[in-house]
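Chain by chain, the residues run as shown.
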Amino acid sequence: MASGRLQPVAGPSRRSALCIALLATLPAAVPVARAAQINYSIGGRVEHSDNIALTQTNPMEESTLATDVAFDVTQTGRNTTFVANGGVEYLYYTGGLFDDDVRASLVGQFNWNTWQDRMKVIIEDYANYEPIDVLSPDAPGNQQQVNVFVAGTQFNLRPGDATRVRLDLRYNNYWAEENDDFNGDRYNAAFTLWQEPSSTTRIGFTVEGSEVQYDQVSLDTLGADYRRLDSYLTWNRNLANIDLEVRAGYSWVELTDYNTKDDAPLFRTVLTWRPTSRSTLDMGVYYQFSDAAQELMTDVTDPTGVPANPAPGGAPSPDPSDVTIGPDLYRQRRIDIGYRYNGERFDATIRPYYEDNDYIDPTAESEGSYGIGAGVSWSITPSLFFNVSASAGFRSFDSFDRDDDDFSVYIGLTKILTRHWSMGFDLRHQERDSNANEASYDENAAIFSVRYTR
């Protein structure tokens, strides 16, 4: 690649900012809400990369100056709950290879129970940055802001001591900064009949209908609009150390522009087991229709449903696969298993996964991937921490001959200086071995950071 100026990714959109602002002002508008518990940190870092654009030939060195604000907010009132965490990051590329960039991430959830808990108002927002082209490396010029906004209501009735009826209505709005084909709206309604035979067991039957309409249809996405009908049984078991959900049923979809129909079984199992006070094992098995927006909402939470804490400039994700931002519906087959250990001075996590996405539109590129991620944190002294994480992923495509093998490792030291101040030094290595022309790369980076935490 020539060493000329590369095309940047613009900052967060106005639509994303409005969604975040709406979530931030909602708790203040409810008079019964208590004071919020707010934690935040402000950081700055200097990063030097020997191949900033992640190219196979003609690698370019670049130093990046960055500052970020990370936060988490919890506010609980008599009838309201507001939980949000995220961050905003500003990047300045000193060599001028890329223009300045702003990246935002957010997981925000607001619930308001009213009408004697018979109705719940729900507002959610999921903002992140994802690759523009999933086939290209995650270099600065291949990043875009993506946002999923959710609003709806939930009506609850209790006709009997052990019987509950629930009606859910949802509106979703999808937006991507560069992939305009992703922009659209989703309308969803679900009716559920719950039976609670015991305090630890729930059994439910659900009928759910969805309609997805995208703002524009290009020649590459004809037939992206679809209708979907799901009917399934759900069994929940919640014990002292085990949480288990099993969902089984059937799904029917119709691509409205193509007038093409498809159907498949629906199956999902999510297990969380805490064998000891320091160990957690979780597992997910999925066979279902899915799309990019649903995956975005799933990927920003951990298997227990707790929002993940975004870490600007942080270690590689345990799951190195990227979401293909687009409108196409696909049949998803996925298995992931995770183990976490939290000790007094030693923490560890490991997560292998396998996924196969078979797109309904035969012109879309179906893909399969598998991999594993692992991380270790060791408290050398009460104020000095050693961290290492690594991930490996293997990806192939059904419709053309391409195989990508990705590997990344992150090693760092963090020194706690005072109650609020800390500093860190980190090394990063990432590489891709691909049989596609000019798709392989190798990069090394060194990072020095300082952070104030409240």
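Look up a bit, the structure's there.
Residues numbered from 1 in each chain as written. Predicted model: local features only at pLDDT ≥ 70, side-chain atom pairs only at ≥ 80, totals over all residues. Heavy atoms only, no water.

Caption draft 1: Structural detail: the overall build of the chain. A count of helices and strands for the chain gives two helices and 20 strands. Put simply, the chain has 454 residues, and 43% of those count as buried. Within the chain, contacts between residues at least 6 apart in sequence are counted, and of these 58% link residues at least 24 apart. Counting every atom, the chain has about 22000 Å² of accessible surface; 57% of that belongs to carbon and sulfur. (Helix = DSSP H or I, 4+ residues; strand = E, 2+ residues; numbered from the N terminus. Buried < 20%, exposed > 50% of the residue type's maximum accessible area, 1.4 Å probe, protein only. Contact = heavy atoms within 4.5 Å. Areas by Shrake-Rupley, 256 points an atom, 1.4 Å probe, with all protein chains shown as cover.)

Caption draft 2: Expanded view of a nonpolar patch on the surface. On the surface, a nonpolar cluster with roughly 750 Å² of combined accessible area is contributed by Leu167, Leu169, Phe191, Leu193, Phe205, Val207, Leu229, Leu233 and Trp252. Every element with two or more residues in the nonpolar patch is listed here: strand 7 (163-176), strand 8 (184-198), strand 9 (201-214) and strand 10 (226-238). With respect to the helices, strands and loops of the structure, Phe191 is situated in strand 8. Look at Phe191 and you get partly exposed, because its relative accessible area is 39%. (Patch = residues over 30% accessible without salt bridge, like charges linked within 9 Å, V, L, I, M, F, W, Y side chains within 5 Å. Salt bridge = Lys/Arg side-chain N within 4 Å of Asp/Glu carboxyl O.)

Caption draft 3: Main features of the pairing of strand 15 (residues 346-359). The pairing of strand 14 (residues 330-342) with strand 15 spans eleven bridges and is classified as antiparallel. Residue pairing for strand 15: Arg340 is matched across the bridge by Thr349. The antiparallel hairpin formed by strand 14 and strand 15 contains three residues in its connecting segment. As judged from the twelve bridges shared by strand 15 and strand 16 (residues 367-381), these two strands associate in the antiparallel manner. Across the sheet, the residue bridging to Asp347 is Ser377, located in strand 16. (Pairing = 2+ DSSP bridges.)

Caption draft 4: Layout of the side chain of Asn357. When you line up the elements, Asn357 lands in strand 15. Looking at Asn357, its side chain comes within polar contact range of the side chain of Glu355, at 3.4 Å. Every residue in contact with Asn357, bar those within four places of it in the chain, is listed here: Tyr330, Arg331, Gln332, Ser366 and Glu367. (Polar contact = N/O pair within 3.5 Å; in protein donor to acceptor, adjacent residues only side chain to side chain.)

Caption draft 5: Spatial organisation of the pattern of salt bridges. Counted according to the given criterion, the structure contains 27 salt bridges. Arg402 is paired through a salt bridge with Asp404; the nearest N and O atoms lie 3.0 Å apart. Neither residue differs from the other here; Arg402 and Asp404 are each classed as buried. Linked by salt bridges that have partners in common, Arg45, Glu47, Glu89, Arg428 and Glu443 make up one network.

Caption draft 6: Representation of unusual backbone geometry in the model. Even without being a glycine, Leu54 presents a positive backbone phi close to 55 degrees. With respect to the helices, strands and loops of the structure, Leu54 is situated in the loop between strand 1 (37-49) and strand 2 (62-76).

Caption draft 7: Region of interest: the pairing of strand 12 (residues 260-273). Strand direction decides the pairing type here: strand 11 (residues 242-255) and strand 12, joined by 14 bridges, are antiparallel. Its bridge partner being in strand 12, Val253 is matched across the sheet by Asp262. Connecting strand 11 to the antiparallel partner strand 12 that follows it, the hairpin turn spans four residues, and Asn259 within it adopts a positive phi of roughly 55 degrees. Note that strand 12 and strand 13 (residues 279-290) share seven bridges and pair antiparallel.

Caption draft 8: The nonpolar core, seen in detail. By size, the foremost hydrophobic cluster in this structure holds 24 residues, and its most contacted members are Val148, Tyr174, Phe182, Leu296 and Ile325. For this core, the secondary-structure elements that each account for two or more residues are strand 6 (143-160), strand 7, strand 9, strand 11 and helix 2 (292-299). Counting residues per element, this core draws most heavily on helix 2, at four residues. Beyond its immediate chain neighbours, meaning those up to four positions away, Leu296 contacts Glu130, Val146, Val148, Phe182, Val323 and Ile325. (Core = buried A, V, L, I, M, F, W, Y, C linked by side-chain atoms within 4.5 Å.)

Caption draft 9: Structural detail: the environment of Tyr90. Of note, Tyr90 is situated in strand 3 (residues 80-93). Judged by relative accessible area, Tyr90 falls into the partly exposed class, the value being 35%. Sequence-wise, Tyr90 and Asp101 are eleven residues apart; in three dimensions their C-alpha atoms are separated by 5.9 Å. Those residues in contact with Tyr90 that lie beyond four places of it in its chain are Leu65, Ala66, Thr67, Asp100, Asp101 and Val102.

Caption draft 10: Examining the side chain of Ser290 more closely. Within the secondary structure layout, Ser290 lies in strand 13. Looking at Ser290, its side chain comes within polar contact range of the side chain of Glu295, at 3.2 Å.

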